[in-house]
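Coordinate inspection notes
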Amino acid sequence: MTMFNRRDALVAITAGGTAFTAVAQAADPPQPSRGPGFGGTDPGPRNIPLDTAHPSLLNPPATDSGTIPNLRFSFSDAPMKQYTGGWTRQVTARELGISKPIAGVNMRLNAGGVRELHWHKQAEWAFMLYGTARISAVDEKRRNFVDDVGPGDLWYFPAGIPHSIQGLAGDGCEFLLVFDDGEFDEDSTFLLSDWFRHIPPDILAKNFGVGAENFRQLPDPAARYIFPAPVPGSLASDRIAGATQAPRIFSHHMTAQAPIASRGGKVWITDSSVFPISETIAAALVEIEPGGLRELHWHPNTDEWQYWIAGKGRLGVFAAHGQSRTFDFSAGDVGFVPFAMGHYVENTGDTPLRFLEMFKSSTYADVSLEQWLALTPPGLVQAHMGFSDATMQALRKAKSPVLPV
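What counts, and where the lines are drawn
Residues numbered from 1 in each chain as written. Predicted model: local features only at pLDDT ≥ 70, side-chain atom pairs only at ≥ 80, totals over all residues. Heavy atoms only, no water. Helix = DSSP H or I, 4+ residues; strand = E, 2+ residues; numbered from the N terminus. Contact = heavy atoms within 4.5 Å. Areas by Shrake-Rupley, 256 points an atom, 1.4 Å probe, with all protein chains shown as cover. Lys, Arg positive; Asp, Glu negative; His and termini not counted. Charge placed at Lys NZ, Arg CZ, Asp CG, Glu CD. Salt bridge = Lys/Arg side-chain N within 4 Å of Asp/Glu carboxyl O. Buried < 20%, exposed > 50% of the residue type's maximum accessible area, 1.4 Å probe, protein only. Polar contact = N/O pair within 3.5 Å; in protein donor to acceptor, adjacent residues only side chain to side chain.

With that settled, the discussion passes to the overall build of the protein chain. Of the regular secondary structure elements, the protein chain holds eight helices and 26 strands. With the principal axes as the frame, the protein chain shows a C-alpha extent of 85 × 55 × 35 Å. Counting only contacts in the protein chain whose residues sit at least 6 apart along the sequence, the fraction spanning at least 24 positions is 76%. For the protein chain, the computed accessible surface area is about 19300 Å², with 59% contributed by carbon and sulfur atoms. Side-chain charges in the protein chain split into 33 positive and 42 negative, and the spacing between the mean points of these groups amounts to 2 Å.

Tracing the backbone shows Thr302 in the loop between strand S18 (293–298) and strand S19 (304–310). Aside from chain neighbours lying at most four places away, what touches Thr302 is Phe339, Phe359, Lys360 and Ser361.

The next point concerns unusual backbone geometry. Cis geometry marks the peptide bond from Gly44 to Pro45, where omega comes out at 5 degrees. Within the element layout of this structure, Pro45 appears in the loop between helix H1 (6–26) and helix H2 (48–53). Here the phi dihedral of Arg142 falls at roughly 65 degrees; this positive angle occurs in a residue that is not glycine. By secondary structure assignment, the location of Arg142 is in the loop between strand S7 (133–138) and strand S8 (144–149). The backbone phi angle of His321 is positive, close to 55 degrees, even though this residue is not glycine.

This structure, assessed with the given rule, holds 18 salt bridges. Close ionic contact of Arg94 with Glu183 constitutes a salt bridge, the shortest N to O distance being 3.8 Å. One end of the pair, Arg94, is in the loop between strand S3 (86–91) and strand S4 (103–109); the other, Glu183, is in the loop between strand S11 (173–179) and strand S12 (190–191), with 89 residues separating them in the sequence. What makes Glu183 partly exposed here is its relative accessible area of 44%. Of the charged contacts in the structure, one is a salt bridge between Asp139 and Arg143, with a shortest N-O distance of 2.8 Å. The same class applies to Asp139 and to Arg143, which are both buried.

Further remarks concern the environment of Phe329. Note that Phe329 resides in strand S21 (residues 323–330). Residues Phe329 and Ala310, spaced 19 residues apart in sequence, show a C-alpha to C-alpha distance of 9.7 Å. Excluding anything up to four places from it in sequence, Phe329 contacts Leu71, Arg72, Gln306, Trp308, Gly311, Lys312, Gly313, Leu315, Val334 and Gly335.

With that settled, consider the side chain of Asp180. Assignment of secondary structure puts Asp180 in the loop between S11 and S12. There is no salt bridge for the buried Asp180, and the closest opposite charge comes from Lys360, which lies 5.6 Å off by N-O distance. A polar side-chain atom of Asp180 sits 2.9 Å from a polar atom in the side chain of Thr280. If sequence neighbours within four positions are ignored, Asp180 has contacts with Pro101, Gln122, Ala123, Thr280, Ile281 and Lys360.

And the structure:
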């Protein structure tokens, strides 16, 4: 499966869903027991498909300990809002309570479908998952920006900057939106049609210099949130004659960057050092081969918000105070790692695992457990851990975010 060919996978999953459920019910279901003398059987009632999908909840590793809040929520558990031009759903602090700094929206625009001209109090970062879209914006100095984006591309609109998104010819698009406020809500955006409906016609007439009768039949805002419109022509046809183009670039081709590559996978890192306008969101796109590991590490500057794109994996989190917990993830899930907590991600499937790490920060930063030990005086490390000389010599000083089997 190619990096963003999610639609074929979704069709296969949908077609096979009934068969999977039947097999799960007929076969011996997983039981809450790690082995003789631990746990026991669960005769039910129970949700066997859910237990099967989350083995680390049913049978946590013996190293798990204490109580850590829930760090996982699936977009599949979020209500879908359907409109004439597409659909949308969100995961915010209301759905994933610990996610205070970041909220996410998964949105689909059909060909020609428009996310209405709008702005909001939060900055908007986006990652294209499928198809193509046209984005537009106008900054505070009346300079405009128009661009087309496809799979693996990003955009970023600072707080207060008005913008729009439209699905292009073919099958439109699907994308992830990330906002730098966990309390963000889709219904809190400032919509063009909504404001017009709440301005007296005589004020509109004075502002625009035309008769008030031109504003007597304004569209219902309920019909404009995501609505169908003609598919636009070429990018050149949407450029405004005589307009000054914004000097800041609102889009970025993330997967066109050279990744940090190893035998275990790849990592693409995008922050303000390569995408200057993205001042409040930094991100890494991580690809892990089957059996590979996103190394043991932590982030010294902020929390981590994850979006899982493809494959299966598990996240192990260490919270200090003798507390540790493991979670299982699959495509469409959102994960969260609180500030400075040590963690890893392991690919537990038989296909490449891909997910996004996102941070409310202008810069990306992580600290590797192995590099920390490799760059600390060896006698000090051995005094702490009792490592053999061979283990000390095996510690790698070079950066390798993803490790092979």
